[in-house]
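# Residue-level structural notes
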Amino acid sequence: MFGYITINKAELKFREFDLYQAYYCGLCEELKKRYGRIGQATLTYDMTFLLLLFTGLYEPKEVTSRCRCLIHPIHKHPVLTNEFTAYVADMNIILSYYKCKDDWMDEHNLKKRAAGQLLKRHFHQIQTHYPKKVSVIKDALSHIADYEKKKETNLDLLSGCFGTLMAEIFAYHTDEWEESLRNIGYYLGKFVYLLDAYEDIEQDQKKGAFNPLLSLFKTSQFEPFCQTMLTMMMAECSRLFEQLPILNYASILRNILYSGVWQKYEAVKKQRSSLSQQEKGR
C-alpha cells in the first residue's frame, strides 16, 4: 500500500490540498504521540486516504490545532485530527511492521530489520487491541507467501489475499457501511498488489524472484493485460465509493481514486517505454 494511494496535487485546488495536508500532518503527529520518532518515520500519504474516507462518511467532530515539526520548524502549520486518526495510525504501524519483516526476508535489508525490531513492541501493543484484525492481516500475508513459494500465477488468488487484508483494515465499525467499506478496501487492495507486481517486474526478473506477471512480460499482451486488470479493479472500487453518501472531502477522495492512484502506473509505463525505445535504437 506504500506509495500508490496518493493525490494528484496538480489537479487539486489550493484549499483542498491544504485540507489534505492538514490531515496528513494530523496523522504524523498522532504517530509521534503514540509511538515516538520511529512511528513518525512510518508515515506515508497512503493512509491519509483511509482517514479522509472515514471522515467524509461519518462526519466526526474535527479537532483543529497548529504545530511545528522537523520539516516545518519555523512556522506552525494547521493540523486536523478526529476520532479515526488513532485507529489509522495503529493500522499504519501494523502494515509498516510487516513491510519491514517482508523486506528483511526478501532482501536481507538490515535497516528494515532494525526498524522492524523497533516497531515490534508497538506492534504487540496494538495486537492486544485489535487481535482479529492482526490475525486476518497475518493470515493474508502468510497465504501470499505460500502462493509465491509455489509460484502460483492465479492473479485473482494472489491479489485477493491482499484485498482481504485491506478489507479488514477498511472495516472500522460494524454498521450499515461496513460491507461497502470492506469491498472498497478489497478492490483497492487487489489494485495495489497488481500495481506492485507491475512496477517490480524488471527487478524481480533480474533477481530471479517470483512475479505472477513474468510469463507475460516482454510480450505484446503485457501492457494491455495489466492496464485492463488495473482498470477493472479501480472501476469497481470507484463504483462502490460513489454509492456512499459522502459530501465532505468527496472531491479530494475522487482525485485520489480517479487520478492519484494512476500516477505511479503512468510513471513506470513511461519509463519502461522510454527504455524500450532506447534499446531498439541501439
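Basis of the calculations
Along every chain, residues carry numbers that run from 1 in the direction the sequence is written. Totals for whole chains, interfaces and linings use all residues, but because this is a predicted model, local features are given only for residues with pLDDT of at least 70 and pairs of side-chain atoms are given and counted only at 80 or more. Values shown for side chains rest on all heavy atoms present in the structure; no hydrogens or waters enter the calculation. Secondary structure counts use DSSP, requiring at least four H or I residues in a row for a helix and at least two E residues in a row for a strand, with both numbered from the N terminus. Should any heavy atoms of two residues lie within 4.5 Å, those residues are counted as being in contact. Multiplying 1.5 Å by the residue count of a helix minus one yields the expected span of that helix. What we call the bend at a residue is the angle made by axes fitted to the seven residues finishing there and the seven residues starting there. Burial here depends on accessible area, computed with a 1.4 Å probe over protein chains only, as a share of the maximum for the residue type. Under 20% is buried, over 50% is exposed, and the range in between is partly exposed. A pair of Phe, Tyr and Trp rings is counted when the ring centres sit within 6.5 Å of each other, with Trp represented by its six-membered ring. The angle between the planes then sorts it: under 30 degrees is stacked, over 60 is edge-to-face, the rest tilted. Whether a charge sits over a ring comes down to the Lys NZ or Arg CZ being within 6 Å of the ring centre and within 35 degrees of the ring normal. Only protein atoms enter the 1 Å grid, on which a cavity is a set of points fitting a 1.4 Å probe that cannot get out and a pocket is an open set with protein on both sides within 12 Å along at least 5 of 7 lines, lining residues being those with an atom within 4 Å of a point. Grid points are joined across faces, edges and corners, and a volume is the space filled by probe spheres set on the points. Each nonpolar core is a collection of buried residues, namely Ala, Val, Leu, Ile, Met, Phe, Trp, Tyr and Cys, held together in the definition by side-chain atoms within 4.5 Å. For this analysis, a salt bridge means a side-chain nitrogen from Lys or Arg found within 4 Å of a carboxyl oxygen belonging to Asp or Glu. For every residue, the pLDDT score states the predictor's confidence, bounded by 0 at the bottom and 100 at the top.

### Overview of the environment of Leu12
Looking at the element boundaries, Leu12 is found in the segment before α1 (14–41). Along the backbone, Leu12 and Leu194 are 182 residues apart, and their C-alpha atoms lie at a distance of 26 Å. Every residue in contact with Leu12, bar those within four places of it in the chain, is listed here: Ile7, Phe17, Ile252 and Asn255.

### Let's talk about helix α7 (residues 178–207)
With 30 residues, α7 ought to run about 44 Å at 1.5 Å a step, and its terminal C-alpha atoms sit 41 Å apart, in line with that. Approximately 60° is the largest bend angle found in α7, and it occurs at Asp200. Where α7 ends, the next residue or the one after it, Gly208, has phi of about 75°, a positive value.

### Brief notes about unusual backbone geometry
Positive phi values are uncommon outside glycine, yet Lys151 reaches one of about 55°. By the secondary structure assignment, Lys151 is in the loop between α5 (131–149) and α6 (155–170). By relative accessible area, Lys151 is classed as exposed at 54%. In this model, Lys218 sits at a positive phi of 70°, which is unusual for a non-glycine residue. With respect to the helices and strands, the residue Lys218 is situated in the loop between α7 and α8 (222–242). Given a relative accessible area of 62%, Lys218 falls into the exposed group.

### Remarks on the packing of aromatic side chains
Overall, the coordinates contain 21 aromatic pairs when judged by the stated rule. Ring plane angle 15° and centroid distance 3.9 Å describe the contact between Tyr24 and Tyr45, whose orientation is recorded as stacked. One end of the pair, Tyr24, is in helix α1; the other, Tyr45, is in the loop between α1 and α2 (46–58), with 21 residues separating them in the sequence. Looking at Tyr24, the relative accessible area reads 15%, which means it is buried. Overall, the relative accessible area of 31% leaves Tyr45 in the partly exposed class. Taking the centre distance of 4.6 Å and the plane angle of 65° together, the rings of Tyr87 and Tyr172 count as edge-to-face. Of this pair, Tyr87 sits in helix α3 (residues 85–107) while Tyr172 sits in the loop between α6 and α7, and the two are 85 residues apart along the sequence. Three or more aromatic residues link up through ring pairs in this structure, and these residues are Phe54, Tyr58, Phe84, Tyr87, Tyr130 and Tyr172. Its end group placed over the ring of Phe17, Lys9 keeps NZ or CZ at 4.5 Å from the ring centre. Above the ring of Tyr198, the side-chain terminus of Arg272 is found at 4.5 Å from the ring centroid.

### Examining empty space enclosed by the protein
What the rule picks out here adds up to one cavity of 30 Å³ or more. Space inside the largest cavity adds up to approximately 40 Å³. Along its surface, the largest cavity is lined by Leu155, Leu194, Tyr198, Leu213, Phe225, Cys226, Met229 and Leu230. Where the lining of the largest cavity is concerned, the elements lending two or more residues are α7 and α8.

### Description of the nonpolar core
Ile5, Phe49, Leu53, Ile169, Phe170 and Phe191 are the most contacted members of the largest nonpolar core, which has 86 residues in total. It is α7 that contributes the most residues to this core, 11 residues altogether. Not counting residues up to four positions away in its chain, the partners in contact with Phe170 are Phe49, Leu50, Leu53, Phe54, Leu181, Ile184, Gly185 and Leu188.

### Description of the pattern of salt bridges
Evaluated as defined, the whole model comprises 12 salt bridges. For Lys190, the salt bridge is made with Asp156, and the minimal N-O distance between the two is 2.4 Å. With Lys190 in helix α7 and Asp156 in helix α6, the pair connects residues that are 34 residues apart, well separated along the chain. Residue Glu199 is joined to Lys264 by a salt bridge in which the shortest nitrogen-to-oxygen separation is 3.8 Å. Here Glu199 is found in helix α7, whereas its partner Lys264 is found in helix α10 (residues 263–280), with 65 residues between them in sequence. Of the residues examined, Glu199 reaches a relative accessible area of 26% and is grouped as partly exposed. One network of salt bridges, in which partners are shared, links Lys132, Lys133, Glu168, Glu178 and Arg182.

### Considerations on the confidence of the model for the chain
On average, the chain scores 92 in pLDDT, and the residues at 70 or more come to 95%. Averaged pLDDT values over the elements of the chain bottom out at 84 in α10 and peak at 98 in helix α9 (residues 250–258).

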